[in-house]
Amino acid sequence: MIDRLDQIFVLLRQWVVGFLPASWQTAAAVVLSVVVIVAFFPALFALTVWMERKGLGRIQNRLGPNRVGPFGLLQPIADGIKSLTKEDIVPLSADAAVHLLAPLMLVVAVFMGFAVLPMGRNMVLVDMDAGLLFYFAMGASTEVAVFMAGWSSRNKYSLLGAMRAVAQMISYEVVLLLSSVVVVMMTGSLSLTKIVEAQNHYTWGLPHWYIFTPWGLAGFVMYAIAATAETNRSPFDLPEGESELVAGYHTEYSGFKFALFFLGEYLAMFSISGLGATLFLGGWSAPFSFLSWVPSWIWFFSKLMLSIFVFIWMRGTLPRLRQDQLMNFAWKFILPLCLLNVFVAALWRFMGEGWPRWVVCSAILVVAYVVVGRIEMRSEHFGPRRYRYAE
Amino acid sequence: MSFVFYLLAALTVAGGLAAVLLKNTVHCALALTVAFAGLAFLYLNLDAQFAGFAQILVYIGAVAILVVFAILLTKGSETPKDGVFSKTWLAGLAVAAGVFAVLGWAVLQTAPMLPKATPAPAVTVGQIGNALVDRYVLPLEIVAVLLTVALIGAVIVALHEKEGTR
């Protein structure tokens, strides 16, 4: 009974597909899974938009939307209707073809990322041998879409926003990949299902999640920072900051195309949180072995929503980073620590079981963090501002 | 030579042709991105998962971005006054035809020597990794040195410009 609840979506799919002739069944199973993903995650997006507006409102000591429906729960529906019925304004001198293709390319690339996430036991859409690499390849394609959006609008602010966004995304993509490489190193496989299965063991009731190891914790923190920067989320949202650049690369988009950008940003947040949960938080495995009776997909989505909650919390609390501060942070601080983390993970593996490896690895990471931080802070000049002009 | 192969080949060739024939330079860069994507799908068609995804990650995610940055930060995005086609196009066509003829002859010469169609070897990422540190470690190290030199060179060029204009 517990097992059936755990596998309920797989069983439902088998039952629906069983009505079709045998030669159509595999294709129909894939199409059905795709339809469910394309329908479910935008519904989750609507819920998250409500959560964000209410959450930000409460952090900022005000109520969020509370007129439309009880506690403002129907607000996303009102927003959806609004964005569908708004006029789609395209500037006269804008490049119409590229202007149309940019949000499409963004949403397609982001949806492709969901294909490799293991959302429960046996619940992956495509179980690829190189699943993690596929995910990062799709993430890289979103940068081209962002650039296309900014350039085709023929607007200085859009172009500036697009350039900043692309520079930020490229810098933090290096950090994202390097902090995931540690997980791949320790598991020995790029396949996300194998990574989750390697974390699904328990010692004295506690799980073997990678976040509970020194290199895993450092990797998770760096992954979380890079994930916030990749999805252009506060405190890294200078490219789309309202008070800085009108709206950055999606200034000239109105109506449904803007809704597609908004959807793309939140879906990217979901998929990157899902990947973080898979890599570091054990994917669909339960926190304690006595809780394994709860279905696996509930654990996966709880971890995903917890990450989303932390994203919303960070947005409401932390101030925005300036562009040069962002880039310095990525290249001079996080990247050396990422490379050190790879070395520390190798040390962990070769030191063998026992308590010494915990002490040595944690000590190396903490000392490096403090030393690199102090070195970076030394070059901060707290005095009258010095200007460097572009030549 | 299946239908999928012809479709992907048409996509790649169309992207390449558009990249040289379009007037707007940024459109040319985007058409080049389509050609890269076509190549990636061709790799995937041959069951080379790692090569296909690495092609998307590196070429579309980094090289295409580099190309558009270079176009935007220089004056290349305006269409040149005297057209985009060169005056000596006939000589260029002759050279390109000659190179194609040599390559085609070389490929056709080796075709009878290939064994009969065997099933494609299933190369896993683990095997590629093992080969990189086992048999091909020298090319790996040379590429690493090359990348380091390029990085240091970029930093020095940027630094020098800042110093020079003070």
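Quick caveat: nothing in here was measured; it's all calculated off a predicted structure. Residue indices begin from 1 for each chain and proceed along its sequence in written order. Here every chain gets a letter starting at A, and every ligand a number starting at 1, in the order they are written. In keeping with the model being predicted, local features are shown solely for residues with a pLDDT of at least 70 and side-chain atom pairs are shown and tallied solely at 80 or more, while totals for entire chains, interfaces and linings include all residues.

Participant: How should I be thinking about the overall build of chain A in this particular structure?
Facilitator: Helix numbering and strand numbering both begin at the N terminus, where a helix is a DSSP run of H or I of at least 4 residues and a strand a DSSP run of E of at least 2. Along its length, chain A carries 13 helices and two strands. Compactness check: chain A gives a C-alpha radius of gyration of 22 Å against a globular reference of 21 Å for 391 residues, within 12% of the reference. Seen through its principal axes, chain A has C-alpha atoms that stretch 65 × 60 × 40 Å. Within chain A, buried positions represent 39% of all 391 residues. Our radius of gyration looks at C-alpha atoms and nothing else; its globule reference is 2.2 Å times the residue count to the power 0.38. In this scheme the burial state of a residue depends on its C-beta neighbours within 10 Å: 20 or more other such atoms mean buried, 12 or fewer mean exposed, and anything in between means partly exposed; the C-beta positions come from the backbone.

Participant: Looking at this model, I keep getting lost on the confidence of the model for chain B. Mind explaining?
Facilitator: Parts of the prediction with low pLDDT should not have their coordinates interpreted in detail. What pLDDT conveys is the predictor's confidence in a given residue, as a value from 0 to 100. Counting all residues, the mean pLDDT for chain B is 85, and 84% of those residues have values of 70 or more. Our summary of model confidence lists the complex with pTM equal to 0.88 and ipTM equal to 0.82.

Participant: Can you walk me through the interface of chain A and chain B in this structure?
Facilitator: When the parts of a complex come together, some accessible area is lost, and that lost area is often taken as the interface size. With 19 residues of chain A in contact, the opposing surface of chain B contributes 17 residues. Contributing elements (two or more residues each) for the side of chain A that touches chain B: α6 (131-152) and α7 (156-187) of chain A. Of the residues forming the side of chain A that touches chain B, the biggest block, eleven residues, is contributed by α6 of chain A. In this description, any two residues whose backbone-derived C-beta atoms lie within 7 Å of each other are considered to be in contact.

Participant: What is the right way to look at the packing of helix α2 (residues 8-17) of chain A against helix α3 (residues 25-59) of chain A in this model?
Facilitator: A pair of packed helices is captured by two measures, namely the crossing angle of their axes and the spacing between those axes. Residues and elements named next belong to chain A. Every angle, taken between N-to-C directions, lies between 0 and 180 degrees, and every axis is a line fitted to C-alpha atoms, over only the stretch in contact when it is a helix. For the pair α2 and α3, interaxial distance at closest approach is 10 Å and the crossing angle is 130°. The angle between α2 and α3 falls in the class oblique. For α2 against α3, the interelement crossing comes out right-handed. Where α2 approaches α3, its residues Arg13, Val16 and Val17 are matched on the opposing element by Gln25, Ala28, Ala29, Leu32 and Ser33. Orientation labels follow simple angle bins: below 35 degrees gives roughly parallel, above 145 gives roughly antiparallel, 65 to 115 gives roughly perpendicular, and whatever is left gives oblique. By the definition used in this description, the sense in which the near helix is turned from the far one sets the handedness, with an anticlockwise turn below a right angle giving left-handed and a clockwise turn giving right-handed.

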